[in-house]
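Chains, contacts and geometry: an overview
Residues per chain are reported as follows:
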Amino acid sequence: MRILVVNPNTTASMTEKIGAAARRVASPGTEIVAVNPAVGPASIEGFYDEAMSLAGMLDVIGRTTGYDAVVIACFDDTGLDAARCLTDKPVIGIGEAAYHYASMIANKFSVVTTLGRSVPALEHNLHRYGLMARCARVRSSEVAVLELEHPGSDACARISAEIGRAVAEDRAEAIVLGCAGMADLAESLGQEHGLPVLDGVTCAVGLAESMVRLGIFTSRLGGYSPPPAHKR
Ligand code: 5HY
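My aim in this report is to walk through the structure given alongside it, one point at a time. This one's a predicted model, so the numbers in the text were calculated from it and none came from an experiment.

As for the sheet that holds strand β5 (residues 109-113)
- Strand order in the open sheet formed by four strands is β6-β5-β7-β8, with parallel pairing between adjacent strands. The open sheet is flanked by β6 (135-140) and β8 (197-199), the only strands paired with a single partner. The average angle at which neighbouring strand axes cross in this sheet is 25°, direction not considered.
- Bridge count between strand β7 (residues 174-178) and β8: three bridges; the pairing is parallel.

Below, the structure is given as structure tokens:
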């Protein structure tokens, strides 16, 4: 099985980190191909960056062949519906994967993301997926996406402090980390706080493998029907 993992921002170090997290949980026969577009924003922080990332990301997905599933490795699930129009393979957003898993292991979960400007987009997705009722709160740590790429930064400590507040103030029973760049932090933060801390990249890889094994594919009817050739 071959899973295409697309980081919609153009930061190669983040793509490497995402690829490593995906490979850690992939089954022995699964190949992870982690890529990012050549052009677009270096990080996606809110609605404007999201819009600016779409053309590059859809181009990568549209031009790639030979995969069994696609993972969109941005927690905002950037361009998820549009990407589903390009293939009948399963396309999974890391945000939706983590939310669905969290909803099955905890009564209420909180999300800890990067900047406050990302929060409305994530709340919008939770409403769309019908899972807002299970989310206690979407919190920002005020850690910028690219701070997560600097090993010397105090990003992890600030995220950890926000998790502490989510447990104390929201009564969160699980935490969803709200950025693909946090993929390497979930395990240690879970141990530190003694509750499930979910990273979307690994959740999405698990879900993608399962959907491929079960032969589940994206509908070609209605909203996800392919765009006509002259528009591609
Ligand atoms: C992400 N941005 O997962 C999101 C997180 C955010 O470039 N990769 C990004 O801040 O919305």
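Thoughts on the site of the ligand
- Lining the immediate environment of the ligand, one finds 13 residues, of which Ile44, Phe75, Asp76, Thr114 and Ala180 sit closest.
- Isoleucine 44 is positioned such that a nitrogen or oxygen atom in its backbone is 2.6 Å from a nitrogen atom of the ligand.
- Phenylalanine 75 places a polar main-chain atom, nitrogen or oxygen, 2.8 Å from an oxygen atom of the ligand.
- Starting from 300 Å² of accessible surface for the ligand in isolation, the protein chains cover 100%.
- Taken atom by atom, the bulk of the ligand overlaps the largest cavity.

Thoughts on the packing of aromatic side chains
- Applying the stated criterion to the full structure yields three aromatic pairs.
- Considering the side-chain rings of phenylalanine 75 and tyrosine 99, the 5.4 Å spacing of their centres and the 80° angle between planes classify their relative orientation as edge-to-face. Placement of the pair is phenylalanine 75 in the loop between β3 (69-72) and α3 (80-84) and tyrosine 99 in helix α4 (residues 94-103), with a sequence separation of 24 residues.
- Classification of phenylalanine 75 as buried rests on a relative accessible area of 1%.
- A relative accessible area of 0% places tyrosine 99 in the buried class.
- Taking the centre distance of 6.2 Å and the plane angle of 50° together, the rings of tyrosine 99 and tyrosine 129 count as tilted.

Reading the values: rules and limits
- Residues numbered from 1 in each chain as written.
- Predicted model: local features only at pLDDT ≥ 70, side-chain atom pairs only at ≥ 80, totals over all residues.
- Heavy atoms only, no water.
- Pairing = 2+ DSSP bridges.
- Helix = DSSP H or I, 4+ residues; strand = E, 2+ residues; numbered from the N terminus.
- Axes fitted to C-alpha atoms, helices over the stretch in contact; angles between N-to-C directions.
- Near = heavy atom within 4 Å.
- Polar contact = N/O pair within 3.5 Å; in protein donor to acceptor, adjacent residues only side chain to side chain.
- Areas by Shrake-Rupley, 256 points an atom, 1.4 Å probe, with all protein chains shown as cover.
- 1 Å grid on protein atoms, 1.4 Å probe; cavity = no way out; pocket = protein on both sides within 12 Å on 5 of 7 lines; lining within 4 Å.
- Sits in = over half its atoms within 2 Å of the grid points.
- Phe/Tyr/Trp six-rings, centres within 6.5 Å; stacked < 30°, edge-to-face > 60°.
- Buried < 20%, exposed > 50% of the residue type's maximum accessible area, 1.4 Å probe, protein only.

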